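Commentary on secondary and tertiary structure
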Amino acid sequence: MRFLYACFVIVLCALIFCEYVADFVVLQKCKWPEIKRKKYVDDPLRAMILADPHLLGPHRGHWLDKLYREWHMTRAFQAASRLFQPDVVFVLGDLFDEGDMVSDKQFQEYVWRYLKMFHLPPGIPLISVAGNHDVGFHYKMHPFFMSRFESYLNNSSVNLYTIKQIHFVVINSMAMEADGCMFCTQAEDQLKNISRTLHCMKYPLEAECARTRRHPYSQPILLQHFPTYRISDTMCEEHDAPYIEAFRERFHVLSKDATDMLGELLKPRLAFAGHSHHFCHSVNRLGIDEYTVASFSWRNKVNPSFMLATITPDDYVVSKCKMLPQQFVFNSYLSAVILCLIVIGFQLRKCIQGRRQSSAAVHRKVNYLD
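Residues numbered from 1 in each chain as written. Predicted model: local features only at pLDDT ≥ 70, side-chain atom pairs only at ≥ 80, totals over all residues. Heavy atoms only, no water.

With respect to the UniProt feature "transmembrane region" (unreviewed entry) in the protein chain
Taken from the UniProt record, the annotation "transmembrane region" (unreviewed entry) applies to residues 328-348. In residues 328-348, helix accounts for 100% and strand for 0%; the two terminal C-alpha atoms are 30 Å from one another. (UniProt positions renumbered as here; feature names shortened; annotations may be inferred. Helix = DSSP H or I, 4+ residues; strand = E, 2+ residues; numbered from the N terminus.)

In structure tokens, the structure reads:
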């Protein structure tokens, strides 16, 4: 029975390591990037940015797939939040895989699971951006989908957040078609209002701004689900896509016109997006650094990652943090099984040798008696 006990210990150790410890071990390699300049360094903003968790719904995927991969997303996020203790967490869309396909009751259950998985300590905001799987592509957007996303996750088409004097503009990419639709018109109006707000921060003594109390001005940071316009990942300075795909405007990326409109109205200094499920760092059409964040889910990316950004009003540094690869977990369990088989094989060999020796001893005894 000793070999069964040995196998039990081997499997238990593999289970505890892969399911409870490995995320901490892997994420320990990541560090907050440091800003070299002296100004504002005493109290920078530390933002953790992830994208495309794609929580499965009632229609797609196997229940075991949902259970196991969401368990690992939960473990990875909780390990990251404990290790890095960010000031804010952004999730750049496609929180759900079937957000535009489920009933209101199912959506409530979706939101409950999402907030439970991405739970943060009090005082750390979780800012969730709408993606096409949450409210539908432009052609499918409906007031019902939009209003319930806004109601449950407190996010409209365009929002301005100011944290530690850093301004973030969060945008619903699917409302950037500029075709006169209700959502697009509303988003454009909100963008223009934010543009005026930022203008008054920059020029507080102008007549139209004098009566309004504003935060100190710094160029905003753009966060949305779709990347700004680019033809493909060939424009990336760094990327991890397994193959290069030509991007379509309004489907894979924003249109040229929408990208130019954002640049003209907001004049951002940095941009983050998701949607492609693969990491990319590029200097985009607006001439600024843009980071496309890889999917947080093993279902979309076997080697997922997220971004750590250290930001001040006049500077920023961004680094990519690699998460626990799916293949590492599979290899660990496979190694445990192989080790168990070796232990069993060794024990069986020992038993066979023991029986042979016993049989030989009995045979010698019989011959002696004869």
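Continuing now.
Points about the sheet that holds strand β5 (residues 166-171)
Taken in spatial order, the 7 strands of this open sheet run β4-β5-β6-β8-β10-β9-β7, and their pairing is mixed. Every other strand in the sheet has two partners, leaving β4 (158-163) and β7 (236-239) as the edge strands with one partner each. Strand after strand, the sheet turns through a mean of 15° between neighbouring axes, direction not considered. As defined by bridge partners, strand β8 (residues 270-273) adjoins strand β10 (residues 289-292) across 4 bridges and the pair is classed as parallel. (Pairing = 2+ DSSP bridges. Axes fitted to C-alpha atoms, helices over the stretch in contact; angles between N-to-C directions.)

A closer look at the packing of helix α3 (residues 104-117) against helix α5 (residues 143-153)
Contact geometry for α3 and α5: axes closest at 11 Å, N-to-C directions at 35°. In this structure, α3 crosses over α5, and the sense of that crossing is right-handed. On the side of α3, the interface is formed by D104, F107, Q108, V111, Y114 and L115, while α5 contributes F144, R148, F149, Y152 and L153. Grouping the amino acids of the contact of α3 with α5 by side-chain chemistry returns 8 nonpolar, 1 polar and 2 charged. (Left-handed = near helix turned anticlockwise from the far one by under 90°. Contact = heavy atoms within 4.5 Å. Nonpolar A, V, L, I, M, F, W, Y, C, P; charged D, E, K, R; others polar.)

Thoughts on helix α7 (residues 256-266)
Taken as a whole, α7 has its buried residues at A258, T259, M261, L262, G263, L265 and L266. Taken together, the buried residues of α7 touch β5, α6 (182-202) and β6 (221-224). At the exit of α7 stands K267, carrying a positive phi of roughly 50°. (Buried < 20%, exposed > 50% of the residue type's maximum accessible area, 1.4 Å probe, protein only.)

Remarks on the pattern of salt bridges
Note on pairing: side chains with opposite charge can pair once their charged atoms come close. Taken as a whole, this structure holds 12 salt bridges when the rule is applied. With its nearest N and O atoms 3.2 Å apart, the salt bridge here joins K320 to D240. Linking K320 in strand β12 (residues 315-322) with D240 in the loop between β7 and α7, this pair joins segments that are 80 residues apart in sequence. Owing to a relative accessible area of 30%, K320 belongs among the partly exposed residues under this scheme. (Salt bridge = Lys/Arg side-chain N within 4 Å of Asp/Glu carboxyl O.)

What to know about the state of the cysteines
Enumeration over the complete set of coordinates arrives at 3 disulfides. Disulfide pairing places C200 opposite C209 at an S-S distance of 2.1 Å. On the sign convention where negative is left-handed, the bridge of C200 and C209, at about -65° about the S-S bond, is left-handed. When sorted by exposure, C200 lands in the same class as C209, which is buried. One disulfide in the model links C236 with C280; its S-S distance is 2.0 Å. Note on the C236 and C280 pair: the S-S dihedral is about -105°, so by sign convention the disulfide is left-handed. Of this pair, C236 sits in strand β7 while C280 sits in strand β9 (residues 280-283); the two residues are 44 residues apart in sequence, bridging distant segments of the chain. Grouping residues by exposure puts C236 and C280 together as buried. What links to what in the protein chain: the bonded cysteines, counted in sequence order, pair as 1-6, 2-3, 4-5. The thiol sulfur of C18 is not disulfide-bonded, and the nearest other cysteine sulfur, from C13, lies at 11 Å. (Disulfide = S-S within 2.5 Å.)

Concerning the packing of aromatic side chains
The tally for this structure, following the rule as stated, stands at 19 aromatic pairs. Measuring from ring centre to ring centre gives 6.1 Å for F17 and F328, while their planes differ by 55°; the resulting arrangement is tilted. With F17 in helix α1 (residues 2-27) and F328 in helix α8 (residues 326-369), this residue pair connects regions lying 311 residues apart in the sequence. Residue class for F17 comes out partly exposed when judged on its relative accessible area of 30%. Geometrically, the ring pair formed by F96 and F107 is edge-to-face, given 5.4 Å between the ring centres and 75° between the ring planes. With F96 in the loop between β2 (88-91) and α3 and F107 in helix α3, this residue pair connects regions lying 11 residues apart in the sequence. Of the two residues examined, F96 and F107, each falls in the buried class. Taken together through their ring pairs, the aromatic side chains of W32, F77, F84, F96, F107, Y110, Y114, F118, Y152, F296 and F306 make up a single cluster. (Phe/Tyr/Trp six-rings, centres within 6.5 Å; stacked < 30°, edge-to-face > 60°.)

What to know about the nonpolar core
The biggest cluster of nonpolar side chains holds 61 residues, and the ones touching the most others in it are F84, L266 and F306. Of all the elements, α6 adds the most residues to this core, at 7 residues. Those residues in contact with F306 that sit more than four places away from it in its chain are L27, M48, I49, L50, A80, F84, V293, F296, S319, K320, C321 and M323. Among the nonpolar cores identified, the runner-up in size contains 26 residues, and V129, Y161, I163 and V293 belong to it. (Core = buried A, V, L, I, M, F, W, Y, C linked by side-chain atoms within 4.5 Å.)

Quick notes on helix α2 (residues 63-84)
The terminal C-alpha atoms of α2 lie 31 Å apart, and with 22 residues this matches the ideal 32 Å at 1.5 Å per residue to within 8%. All of the buried residues along α2 are D65, E70, H72, M73, R75, A76, F77, Q78, A79, A80, S81 and F84. Phi turns positive, to about 45°, at Q85, one or two residues after α2. (Expected span 1.5 Å × (residues − 1).)

Things to note about the layout of surface pockets
When its volume is computed, the largest pocket comes out at roughly 280 Å³. What lines the largest pocket is a set of 18 residues, among which E245, H252, H275, S276 and H277 lie closest to the centre. Residues belonging to the lining of the largest pocket are distributed by class as follows: 6 nonpolar, 8 polar and 4 charged. Estimated volume of the second largest pocket: approximately 210 Å³. If you trace the second largest pocket, you find it lined by K66, L67, E70, W71, T74, W112, R113, K116 and M117. Elements that contribute at least two residues to the lining of the second largest pocket include exactly α2 and α3. Of all the elements, α2 adds the most residues to the lining of the second largest pocket, at 5 residues. (1 Å grid on protein atoms, 1.4 Å probe; cavity = no way out; pocket = protein on both sides within 12 Å on 5 of 7 lines; lining within 4 Å. Points joined across faces, edges and corners; volume = space filled by probe spheres on them.)

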